[in-house]
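Observations on the model geometry
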Amino acid sequence: MKINKVACVCIVILFIFLTAAISQELPKSFRNEATGTALVDELDLVYDPIEISFVDSVRLFTNLSNMVSTDEEFMNNSSDNTFLFGISAPAPIFKKMHTSLLVKYNNYTTPRDVKIDRDMDGFFDVSGEGDLEDKFIAYSDTDYDGLFDLKRQFDQEAHNNRLNRQHQVWLTGSLPVGNLVVGGRFGMGKTVTETQLSPRSMGKIFLYGQGVDVSDPSFFRQMLLVNLENDSLVDSYTEQGDFEGLESSDFIGFALSAMKILNMPWGKTEGRIDAGFQKFTDEFSSSNHYSFHKNDFPVETAYYSNSDKLTRMETSSEKDITVGASLKRIFRPMGQRRYDGYWRVGVHYTYGFGKWEDSEKTPRFEHTFAPPSMPTNPTGYDSTFQELVHRETAEMVDEGDISLQSLFVSANTQIPLNNKVTFGMGMSYHRRSYSYETEITNFTRNETLFEVLDDTSTIEDFTQIRDQSVGYDNFYKYQRCVFNVPVGLEYVFTKNSKWRIRFGALFSFHKTITDDVRNVTNTQPSVTRKETGDGEVTVDINLNDSEYASTGEHIEDIYTQTVYTYGLGFYPTSNLQIDLLGFWGKASNTIFDTEFWRCLRLSMTVRL
């Protein structure tokens with residue numbers, strides 16, 4: 001039965017779109033990393049829309065393949081807590097069609113360090129991880145009559161957990177169509193991280209309470225002071241911090257490729273074109289609330305409370321379009337694509353555009369009854385009861401457009417010097433330019449309400465509001481140029497040729513340029529409006545408090561770096577490949593130390 005070309009292409013596209021979930025970067029093989037990215041392995045080929053068509057039989061990649069980060073240590077039970085499964089095989093129905101599938105999934109919570117000062121003496125007494133609760137009770141004999149007459153009780157909680165969720169999938173397909181090889185790759189996925197840490201100092205400016213510092217975990221504490229003689233409260237306060245940070249990243253993309261054998265003056269050469277589309281969406285949200293409430297006895301109606309809140313939402317969406325072309329000449333076939341002698345040159349260009357939005361709101365509330373809560377009288381008025389309410393509100397909005405341009409040019413070769421030695425070398429230049437132009441608006445409001453608690457409204461009662469705002473045009477541009485020269489060598493030793501030792505060196509030249517310009521576009525001076533209880537209104541404009549400067553910053557950074565790598569490969573049978581990566585110097589310099597074996601980074605892949 002013959003299948004026309006259009007039907008074949010439709011089958012490829014349909015098969016590609018039958019998957020869901022993926023990451024933005026595909027894994028690299030241990031052979032590739034151990035040789036400074038100069039030599040490739042089957043793992044580097046089976047997720048390429050064209051190269052996969054030259055990989056025969058079935059390849060199976062599991063968690064034993066150590067493909068998530070290449071840093072997992074099997075013998076040390078150190079992992080990335082990620083489920084991984086990959087397979088490369090001919091399609092079940094269309095044998096000429098080569099396919100591969102990679103699935104990654106994780107959902108785990110990492111408990112972090114928490115501490116509690118159980119008796120509130122300024123020293124931490126209890127420590128743990130994740131969620132911690134403690135109750136402390138102390139009895140005192142204040143009149144020294146031999147009987148306890150006062151009970152002090154602290155109830156406390158601390159919460160510090162980091163939640164990670166991720167689901168990812170890559171699906172690749174390739175099919176010969178006439179004198180072409182066409183292929184595609186599709187993927188989509190999501191990564192979510194949740195934390196319980198304070199993003200900044202909160203509650204420190206208030207009269208009572210300890211407040212929190214940056215990165216303090218969520219907590220709750222309550223103090224009760226009880227008179228045991230009549231079972232009545234003498235004093236009490238509650239302090240609490242609920243901090244939640246949520247970061248998510250979505251990705252969806254596909255790539256289409258086509259390859260044809262070209263008759264060039266130097267011989268038959270593979271000519272290839274690529275086109276791709278990617279969409280990224282990154283979101284960050286933060287909801288944080290600190291509160292303190294204290295009752296003052298014996299006047300139960302007198303109390304002091306404050307609240308400090310911070311909410312933030314940051315969103316970035318970007319769409320990238322990539323086109324590319326390359327030439328590859330195989331001058332020495334070696335039976336398997338990964339061992340062929342070849343040279344290749346290629347160029348890829350990416351253009352991206354998107355939107356950026358960042359907003360932050362900071363409402364603060366401070367509420368006081370006095371006396372005896374409020375130690376000072378801001379108006380100088382000597383009254384028995386008075387109420388003070390103070391609110392501070394700050395709001396920032398930053399939104400605009402994102403643009404991206406990227407150029408990647410590469411040339412590399414892999415040369416089998418003989419049946420024992422393979423040499424690889426390459427050069428690549430990557431220039432990436434990322435910029436955004438946004439408009440920033442900052443608005444602040446301070447509101448104070450003061451009232452003498454009597455039956456009349458006088459000049460001593462007042463409401464005061466102070467507003468201020470400023471706007472900017474912000475231009476930010478980040479340019480990065482990287483020039484890489486990888487060199488790698490693989491040597492096959494032992495008579496049965498089952499062992500391979502690999503060495504690599506990767507030289508890099510890095511140059512980064514950052515431009516950050518902020519121009520003031522509009523300002524509103526500090527305007528204070530005060531209205532007293534007798535109806536009098538005054539307005540004060542402070543021009544000296546509204547002087548803002550436009551700023552500009554230009555930073556250049558240049559540095560070079562050389563990284564040396566090494567590894568081992570062992571092929572006990574045609575069905576199993578075992579690789580080691582960077583196995584000396586991490587924990588011990590002697591193989592007789594158990595830490596040496598515990599820290600080995602292994603990769604095991606299966607060929608069916």
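Higher on the page you've got the structure.
Now for a look at the structure at hand. Keep in mind that what you see is a predicted model, and the values were worked out from it rather than measured.

**Focus on the overall build of the chain**
Along the backbone of the chain there are 4 helices and 20 strands. Counting across all 608 residues of the chain, residues that qualify as buried make up 42%. In the chain, of all internal contacts separated by at least 6 residues, the share reaching a separation of at least 24 is 71%.

**Brief notes about the environment of Arg500**
Position of Arg500 among the secondary structure elements: in strand β16 (residues 499-532). Classification of Arg500 as buried rests on a relative accessible area of 14%. Separated by 79 residues in sequence, Arg500 and Val421 have C-alpha atoms that sit 9.4 Å apart. Excluding residues within four positions of it along the chain, Arg500 makes contact with Tyr339, Glu490, Tyr491, Val492, Phe493, Gly567, Leu568, Gly569 and Tyr571. At 3.2 Å, the side chain of Arg500 forms a polar contact with the side chain of Glu490.

**Description of the packing of aromatic side chains**
Evaluated as defined, the whole model comprises 15 aromatic pairs. When the ring of Trp170 is compared with that of Phe251, the centres are 6.4 Å apart and the planes differ by 55 degrees; the resulting orientation is tilted. Placement of the pair is Trp170 in strand β6 (residues 150-177) and Phe251 in strand β9 (residues 232-264), with a sequence separation of 81 residues. Residue Trp170 shares its accessibility class with Phe251, and that shared class is buried.

**Some remarks on the pattern of salt bridges**
Should their charged atoms come close, side chains of opposite charge can pair. A complete count under the given rule lists 28 salt bridges for this structure. A salt bridge links Arg200 to Asp308; the shortest N-O distance between them is 3.4 Å. Of this pair, Arg200 sits in the loop between β7 (180-195) and β8 (218-227) while Asp308 sits in strand β11 (residues 303-332); the two residues are 108 residues apart in sequence, bridging distant segments of the chain. The two residues Arg200 and Asp308 agree in class, both being buried. The residue Asp235 makes a salt bridge to Lys294 at a minimum N-O spacing of 3.0 Å. Residue Asp235 is found in strand β9, and its partner Lys294 is found in strand β10 (residues 267-295); the two are separated by 59 residues along the sequence. By relative accessible area, which is 10% here, Lys294 ends up buried. One connected set of salt bridges, linked through shared partners, spans Asp41, Glu42, Asp56, Arg59, Arg338 and Arg607.

**Examining the side chain of Arg502**
With respect to the helices and strands, the residue Arg502 is situated in strand β16. Using a relative accessible area of 0% as the deciding quantity, one classes Arg502 as buried. A polar contact is formed between the side chain of Arg502 and the side chain of Tyr571, at a distance of 3.1 Å.

**Quick notes on a negative patch on the surface**
On the surface, a cluster of negative charge is made up of Glu357, Glu399, Glu437, Glu439 and Asp473. Inspection of the secondary structure puts Glu437 in strand β14 (residues 421-452). The class for Glu437 is exposed, based on a relative accessible area of 53%.

**Observations regarding the nonpolar core**
Membership of the largest hydrophobic core comes to 15 residues, with the highest contact counts inside it found for Phe154, Val212, Tyr237 and Tyr290. Looking at this core, the elements with two or more residues in it are β5 (126-140), β6, β8, β9 and β10. If you tally residues by element for this core, the top one is β8, at 3 residues. Counting 14 residues, the second largest nonpolar core, distinct from the first, contains Val55, Phe61, Met67 and Phe280.

**Notes on the pairing of strand β17 (residues 537-542)**
The two faces of the sheet receive side chains in turn, since in a regular strand these alternate between them. Direction of pairing for β16 relative to β17: antiparallel, over a ladder of 6 bridges. Within β17, the position partnered with Glu531 by the bridge is Val537. The loop that links β16 with its antiparallel partner β17 comprises 4 residues; one of these, Gly535, has a positive phi angle of about 95 degrees.

**Considering the environment of Thr573**
Looking at the secondary structure, you find Thr573 in strand β18 (residues 551-573). Note on Thr573: relative accessible area 44%, which makes it partly exposed. Each C-alpha atom of the pair Thr573 and Val606 lies 9.9 Å from the other, and the pair is 33 residues apart in sequence. A distance of 3.4 Å separates a polar atom in the side chain of Thr573 from the backbone nitrogen of Leu576.

**Regarding unusual backbone geometry**
With a phi close to 55 degrees, Tyr144 is a non-glycine residue in the positive phi region. Its identity as a non-glycine residue notwithstanding, Ser215 has a phi of 70 degrees, on the positive side. Assignment of secondary structure puts Ser215 in the loop between β7 and β8. The class for Ser215 is partly exposed, based on a relative accessible area of 44%.

Calculation criteria
- Within each chain, residues carry numbers counting from 1 in the order of the written sequence.
- This being a predicted model, a pLDDT of at least 70 is required before a residue's local features are given, and a value of 80 or more before pairs of side-chain atoms are given or counted; all residues contribute to the totals for chains, interfaces and linings.
- Working from all heavy atoms in the structure, the side-chain values ignore hydrogens and water.
- The way it works is that DSSP assigns letters per residue, a run of H or I at least four long becomes a helix, a run of E at least two long becomes a strand, and they are numbered from the N terminus.
- The rule is simple: take the accessible area with a 1.4 Å probe, protein chains only, and divide by the maximum for that residue type; under 20% is buried, over 50% is exposed, in between is partly exposed.
- Working rule for contacts: check all heavy atoms of both residues, and any pair within 4.5 Å makes them a contact.
- We define a polar contact as two N or O atoms separated by no more than 3.5 Å, with the added condition that, inside protein, one atom must be a possible hydrogen donor and the other a possible acceptor, whereas residues neighbouring each other in sequence contribute only through side-chain atom pairs.
- Note on aromatic contacts: the rings of Phe and Tyr and the six-membered ring of Trp form a pair at centre separations within 6.5 Å, being stacked when their planes are under 30 degrees apart, edge-to-face when over 60 apart, and tilted otherwise.
- Here, a salt bridge means any side-chain nitrogen of Lys or Arg that lies within 4 Å of a carboxyl oxygen of Asp or Glu.
- Nonpolar side chains (Val, Leu, Ile, Met, Phe, Trp, Tyr) within 5 Å and like charges within 9 Å form the patches, drawn only from residues with over 30% relative accessible area and no salt bridge.
- Note on areas: Shrake-Rupley with a 1.4 Å probe; residue coverage comes only from the protein chains shown.
- Residues scored as charged are limited to Lys and Arg (positive) and Asp and Glu (negative), so that His and the chain ends carry no count.
- By convention, the charge on Lys lies at NZ, on Arg at CZ, on Asp at CG and on Glu at CD.
- For our purposes a nonpolar core is just a set of buried Ala, Val, Leu, Ile, Met, Phe, Trp, Tyr and Cys residues, chained together by side-chain atoms within 4.5 Å.
- When DSSP locates at least two bridges between a pair of strands, those strands are taken to pair.

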